[in-house]
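Survey of secondary and tertiary structure
So you can see what is in the structure, the chains are spelled out below.
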Amino acid sequence: MTTMTDTSNAARFREFKMPDVGEGLTEAEILKWYVQPGDTVTDGQVVCEVETAKAAVELPIPFDGVVHELRFPEGTTVDVGQVIIAVDVAPGSGDAAPAPEPAAAQPEPEPEAPKGRQPVLVGYGVSESSTKRRARKGATAAVPAAAAAIQGEMNGHGAVAVRESRPLAKPPVRKLAKDLGIDLATVVPTGEGGTITREDVHAAATPVPAQAPAPIAVEAAPAPEAPAPAVVTTVGARETRIPVKGVRKAIAQAMVGSAFTAPHVTEFVTVDVTRTMKLVAELKEDKDMAGVRVNPLLIIAKALLVAIRRNPDVNSAWDEANQEIVRKHYVNLGIAAATPRGLIVPNIKDAHEQTLPQLAASLGELVSTAREGRTSPAAMAGGTVTITNVGVFGVDTGTPILNPGESAILAVGAIKLQPWVHKGKVKPRQVTTLALSFDHRLVDGELGSKVLADVAAILEQPKRLITWA
């Protein structure tokens, strides 16, 4: 039965769930909380920063009130749809009752749920009542295999081994164990009712137990006072294990998916870019380019856009589901950027419509935003072709892997002074090597060669930016 107190309490406390911050992402890690219980928040105020598989994003709360509870600590990976914060929207209206956790008084028609477990919402499509956390009532109980299988699908996005006596742990703890490569069956639980805690997982990940007696065959040593480190290091520090998550996890999945889905072909050309370098120097003194950064990448980007305009079929995508080739009449130019969190590829929307000064401004903003870690998921969505500048690392060239969903990627090598035959004589000239990888399902060798040759021709004779445009 729902009492008046229950109803008013539910109306008083509002919960904010982890939103889908871009392109169907299923989880995010809480990097930092900007508020604590007791703080006053207003509609639109940023309460935390989270990192998805694509970028770090700040989350604003959509209502006013006083923070009552933070459901997860920093460093926890939370699935989309889980409640991360509870807010008292009617402070001062009496003694604050606990945040709504009606599971104990609101039975659910799910008899298969194990007695000793605590249902928590993970992912989509679970009833609203399961978003509330319940206190554990009993001690560890045996879990039937069928029920464990059902609960395993509810509590995670990956396969979980089913055992007749599955270790008791909350989904965030299971996620942590998976990231650290720890088998929960080997972890000694210290939580209430035999529950495995985050500290237990960290203790199992280190060669020395962090707390509580644990019958592990390790040389006896005093319990350390410092908390377990985030990076797990083996005995003797001969190896270091780093959890694969966030941007690095997304990069790995994207590269594997691209490399083993799209048949890559890479072609190379070495070109004299002396005239391009002279143009860059002249543009730096041009009043129309004042306030924007002018560098060789700007001219290379413009050259690629002109080459695409001359060979529009290269700007396409392969639709496997519908067995169609999608011709795109716009160019969202991706620029691969190395950041502290890993490689990301934001793109300039409708780059084909921009003038040279506009393109320079867009490149500058894209690079600065990426370095500051403020690139949004939307800025990385919808790219059509990409440029990766490996030359900044002193590398001559490479065989770049396609960004998923795109048809071509151009790698630019280091520009070096080399001996070159110019007008019948060997002279020192500024030379670079370009590499174009393309999806051979939709780009034939002839088309790919034409695109690369056009880019090279423009860089050799930049006046073609005018005559060919």
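Residues numbered from 1 in each chain as written. Predicted model: local features only at pLDDT ≥ 70, side-chain atom pairs only at ≥ 80, totals over all residues. Heavy atoms only, no water.

Hydrogen bonds between backbone atoms are what pair the strands of a sheet, whose relative direction is either parallel or antiparallel. The four strands are arranged S1-S8-S6-S3 in an open sheet whose pairing can be described as antiparallel. If you trace the sheet from one side to the other, it starts and ends with strand S1 (13-17) and strand S3 (40-41), each paired once. Pairing geometry for S1 and strand S8 (residues 83-88), over five bridges, is antiparallel. For Phe 16, the partnering residue across the bridge sits in S8 and is Ile 85. (Pairing = 2+ DSSP bridges. Helix = DSSP H or I, 4+ residues; strand = E, 2+ residues; numbered from the N terminus.)

Before going further, it helps to spend a moment on the pattern of salt bridges. Within this structure, the stated rule accounts for 11 salt bridges. Of the charged contacts in the structure, one is a salt bridge between Glu 69 and Arg 71, with a shortest N-O distance of 2.9 Å. Residue class for Arg 71 comes out buried when judged on its relative accessible area of 5%. Two residues, Lys 450 and Glu 446, come together in a salt bridge whose shortest N-O distance is 3.4 Å. Residue Lys 450 and its partner Glu 446 are both found in helix H9 (residues 445-460); the two are separated by four residues, about one turn of the helix. Among the residues examined, Glu 446 registers a relative accessible area of 58% and is labelled exposed. Because the salt bridges share partners, they merge into one network encompassing Glu 15, Glu 69 and Arg 71. (Salt bridge = Lys/Arg side-chain N within 4 Å of Asp/Glu carboxyl O. Buried < 20%, exposed > 50% of the residue type's maximum accessible area, 1.4 Å probe, protein only.)

On to the sheet that holds strand S5 (residues 56-60), then. Within the open sheet, the four strands sit side by side as S5-S4-S2-S7. Their pairing is antiparallel. Of all strands in the sheet, those bounded by a partner on one side alone are S5 and strand S7 (77-79). Recorded for the sheet is a direction-independent mean angle of 40° between the axes of neighbouring strands. Note that strand S2 (residues 27-33) and S7 share three bridges and pair antiparallel. Paired with Glu 27 across the two strands is Asp 79, which belongs to S7. (Axes fitted to C-alpha atoms, helices over the stretch in contact; angles between N-to-C directions.)

It is worth spelling out the confidence of the model for the protein at this point. Per-residue confidence for the protein gives a mean pLDDT of 77; residues scoring 70 or more make up 73%. Note on residues 100-164: pLDDT under 50 across the span, and 98 contacts to partners over four residues away in sequence or across chains. Low pLDDT, under 50, characterises residues 208-230; the stretch is placed with 24 contacts to residues that sit more than four places away or in other chains. (pLDDT = per-residue confidence, 0-100. Contact = heavy atoms within 4.5 Å.)

On to the packing of aromatic side chains, then. Taken as a whole and judged by the stated rule, the model has zero aromatic pairs. Geometry around Trp 468 places Arg 310 over its ring, the cationic atom sitting 3.8 Å from the centre. (Phe/Tyr/Trp six-rings, centres within 6.5 Å; stacked < 30°, edge-to-face > 60°. Lys NZ or Arg CZ within 6 Å of the ring centre and 35° of its normal.)

A word on unusual backbone geometry. The phi angle of most residues is negative, glycine excepted, and most peptide bonds adopt the trans form. In this structure, Asp 350 is a non-glycine residue whose phi angle is positive, near 50°. Mapped onto the fold, Asp 350 is located in the loop between strand S19 (347-348) and helix H8 (356-371). Using a relative accessible area of 32% as the deciding quantity, one classes Asp 350 as partly exposed. In the Ramachandran plot, Lys 423 falls in the positive-phi region, its phi being about 55° despite a non-glycine side chain. Structurally, Lys 423 is set in the loop between strand S22 (416-422) and strand S23 (425-439). Residue Lys 423 is classed as exposed on the basis of its relative accessible area, which comes to 70%.

Counting residues in each nonpolar core, the largest one holds 46 residues, and the members touching the most others are Leu 304, Leu 333, Ile 387, Leu 410 and Leu 434. Among the elements of the structure, helix H6 (274-284), helix H7 (296-310), strand S16 (333-335), H8, strand S20 (385-389), strand S21 (408-412), S23 and H9 are those that each provide at least two residues to this core. The element that contributes the greatest number of residues to this core is H7, accounting for 11 residues. If we ignore the near neighbours within four places in the chain, the residues touching Leu 410 are Ile 300, Leu 304, Thr 386, Ile 387, Thr 388, Leu 434, Ala 435, Leu 436, Leu 452 and Val 455. In terms of nonpolar packing, the next biggest core, distinct from the first, is built from 22 residues, Val 35, Cys 48, Ile 61 and Ile 85 among them. (Core = buried A, V, L, I, M, F, W, Y, C linked by side-chain atoms within 4.5 Å.)

Our next topic: a positive patch on the surface. Together, Lys 278, Lys 423, Lys 425 and Lys 427 make up a region of like positive charge exposed at the surface. With respect to the helices and strands, the residue Lys 427 is situated in strand S23. (Patch = residues over 30% accessible without salt bridge, like charges linked within 9 Å, V, L, I, M, F, W, Y side chains within 5 Å. Areas by Shrake-Rupley, 256 points an atom, 1.4 Å probe, with all protein chains shown as cover. Lys, Arg positive; Asp, Glu negative; His and termini not counted. Charge placed at Lys NZ, Arg CZ, Asp CG, Glu CD.)

Let us now look at the packing of H7 against H9. The contact between H7 and H9 brings their axes to 9 Å, and the two run at 135°. Judged by the inter-axis angle, H7 sits oblique to H9. Here the hand of the crossing between H7 and H9 comes out right-handed. Counting all contacts with H7, which are made through Ile 299, Ile 300, Ala 303, Leu 304, Val 306, Ala 307 and Arg 310, the residues of H9 involved are Val 451, Asp 454, Val 455, Ile 458 and Leu 459. Classifying every residue of the contact of H7 with H9 by side-chain character gives 10 nonpolar, no polar and two charged. (Parallel < 35°, antiparallel > 145°, perpendicular 65-115°, else oblique. Left-handed = near helix turned anticlockwise from the far one by under 90°. Nonpolar A, V, L, I, M, F, W, Y, C, P; charged D, E, K, R; others polar.)

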